[in-house]
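Breakdown of the fold
Chain by chain, the residues:
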Amino acid sequence: MKTVLYTLLFLSNMGVYAGTDECYGYKSTTSHFACGEYGNCVWWAAYMRPDIARVITGSGWNGGDWYAKLKGTIPVGSVPEVGAIVEFEGHVAFVKDILDEGAFAVSEMDYYGQFGSGVQYATYTPNGDGTYQRNNESKKWTLNGFIYAEDPAVIPGNTFTVRRVGNYAWHPADSSCINAKNWYGLNSDRKIVRTYDDSQVCQWIYETLYPQEVSYNALFGNANACYQ
């Protein structure tokens, strides 16, 4: 009976408890989840993705429930992406880097202390059957999917890379302007002060502001084109 109870608790990986604003030195703008003695995977995921935290209401937000509940509201999929929340059965973590052969690196917490206390860092490597291994551990983690960040600026402390022309920039940095996902206006300190809804700013940059200095390919074609 104790074994069954522990398994159920583990799979829920931190149910929705009375929330706390702070957890291991981090302060959240929300208080949906308890920190716990060792941390809490859903506390950390909500902290790293405040856009998700804003739509969390009611119960049923255990680790492993997010993907199904958010599908149709926030973009989801099966391919790892930096800034996404990865959801396994019973656990969620924040994707911080993409590695070779489908592996990815995460930051995460765990309510039960199986990873240690506070924020932990790990690599998840695919086994080829829909499961992943955390570091070199024997346990297999079954993937539910990834919950993507439409705008990387929502991630606390994010230093995501943009390609900049004067006081304008776009993301991802390895994209040409016209094929980017996000466009920004910057102030004199290169801080984002405005976002644009579409790529029209690219044409405006080229035709109005920097027709001589900016490579046409950098804006509309070759993402590797050089410009100052």
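Before any of the text, the structure's been laid out above.
A short tour of the structure in this document, coming up.

So, how was this worked out
Residues numbered from 1 in each chain as written. Predicted model: local features only at pLDDT ≥ 70, side-chain atom pairs only at ≥ 80, totals over all residues. Heavy atoms only, no water. Helix = DSSP H or I, 4+ residues; strand = E, 2+ residues; numbered from the N terminus. Buried < 20%, exposed > 50% of the residue type's maximum accessible area, 1.4 Å probe, protein only. Contact = heavy atoms within 4.5 Å. Areas by Shrake-Rupley, 256 points an atom, 1.4 Å probe, with all protein chains shown as cover. Pairing = 2+ DSSP bridges. Salt bridge = Lys/Arg side-chain N within 4 Å of Asp/Glu carboxyl O. Phe/Tyr/Trp six-rings, centres within 6.5 Å; stacked < 30°, edge-to-face > 60°. 1 Å grid on protein atoms, 1.4 Å probe; cavity = no way out; pocket = protein on both sides within 12 Å on 5 of 7 lines; lining within 4 Å. Points joined across faces, edges and corners; volume = space filled by probe spheres on them. Nonpolar A, V, L, I, M, F, W, Y, C, P; charged D, E, K, R; others polar. Polar contact = N/O pair within 3.5 Å; in protein donor to acceptor, adjacent residues only side chain to side chain. Axes fitted to C-alpha atoms, helices over the stretch in contact; angles between N-to-C directions.

Looking now at the overall build of the protein chain. The secondary structure content of the protein chain amounts to six helices and 13 strands. Sorting the 228 residues of the protein chain into buried and exposed places 45% on the buried side. Of all intrachain contacts in the protein chain linking residues separated by at least 6 positions in sequence, the fraction that spans at least 24 positions is 45%. With an accessible surface of roughly 11,900 Å², the protein chain has 48% of that area assigned to carbon and sulfur atoms.

Of the two faces of strand 11 (residues 168-171), both are covered, the one formed by Tyr 168 and Trp 170 as well as the one formed by Ala 169 and His 171. Here strand 10 (residues 163-165) hands over to strand 11 after two residues, with Gly 166 in that stretch at a positive phi of 60°.

Throughout the structure, instances matching the rule amount to six salt bridges. Residue Asp 51 pairs with Arg 49 through a salt bridge whose shortest N-O separation is 2.8 Å. With respect to class, Asp 51 is no different from Arg 49; both count as buried. Of the charged contacts in the structure, one is a salt bridge between Lys 181 and Glu 81, with a shortest N-O distance of 3.6 Å. Placement of the pair is Lys 181 in the loop between strand 11 and strand 12 (182-186) and Glu 81 in the loop between strand 3 (76-77) and strand 4 (85-88), with a sequence separation of 100 residues. Among the residues examined, Lys 181 registers a relative accessible area of 52% and is labelled exposed. Linked through salt bridges whose partners overlap, the residues forming this network are Glu 108, Arg 134 and Glu 137.

The next subject is the packing of aromatic side chains. One pass over the full model with this rule turns up 17 aromatic pairs. Taking the centre distance of 5.4 Å and the plane angle of 80° together, the rings of Phe 104 and Phe 146 count as edge-to-face. Here Phe 104 is found in strand 6 (residues 104-108), whereas its partner Phe 146 is found in strand 9 (residues 140-147), with 42 residues between them in sequence. As far as the burial class goes, Phe 104 and Phe 146 line up, both buried. Ring centres of Tyr 124 and Trp 141 lie 6.4 Å apart, and the angle between their planes is 85°; on these two criteria the pair is classed as edge-to-face. Here the residue Tyr 124 occupies a position in strand 7 (residues 120-126), and Trp 141 occupies one in strand 9, the gap between them amounting to 17 residues. Among the aromatic residues, those joined into a cluster by ring pairs are Phe 88, Phe 104, Phe 115, Tyr 124, Tyr 132, Trp 141 and Phe 146.

A word on the layout of surface pockets. Space inside the largest pocket adds up to approximately 580 Å³. Forming the boundary of the largest pocket are 25 residues, of which Val 82, Gly 83, Phe 94, Ile 155 and Asn 158 lie nearest the centre. For the lining of the largest pocket, a count of residues per class yields 14 nonpolar, seven polar and four charged. In this structure, the second largest pocket spans a volume of roughly 200 Å³. When grouped by side-chain class, the residues that make up the lining of the second largest pocket number six nonpolar, two polar and three charged.

As a further point, take helix 2 (residues 41-48). Most of helix 2 is tucked away: eight of the eight residues are buried. Every buried residue of helix 2 is accounted for by Cys 41, Val 42, Trp 43, Trp 44, Ala 45, Ala 46, Tyr 47 and Met 48. At the N-terminal end of helix 2, a side-chain oxygen is found 3.2 Å from the backbone nitrogen of Val 42, two or three residues along, and the residue is Asn 40.

Here strand 12 pairs with strand 13 (residues 192-196) via four bridges, running antiparallel. Bridge assignment links Tyr 184 to a residue of strand 13, and that residue is Thr 195. Hairpin connection between strand 12 and strand 13: a loop of five residues separates the two successive antiparallel strands, and Arg 190 in this loop has a positive phi of roughly 65°.

All right, on to the sheet that holds strand 13 then. Taken together, the four strands give an open sheet; going across it, the order is 10-11-12-13, and neighbouring strands pair in antiparallel fashion. Two strands bound the open sheet, and with one partner strand each, they are strand 10 and strand 13. Along the sheet, successive strands turn relative to each other by an average axial angle of 25°, direction set aside. Pairing geometry for strand 11 and strand 12, over four bridges, is antiparallel. If you follow His 171 over to strand 12, its bridge partner there is Asn 182.

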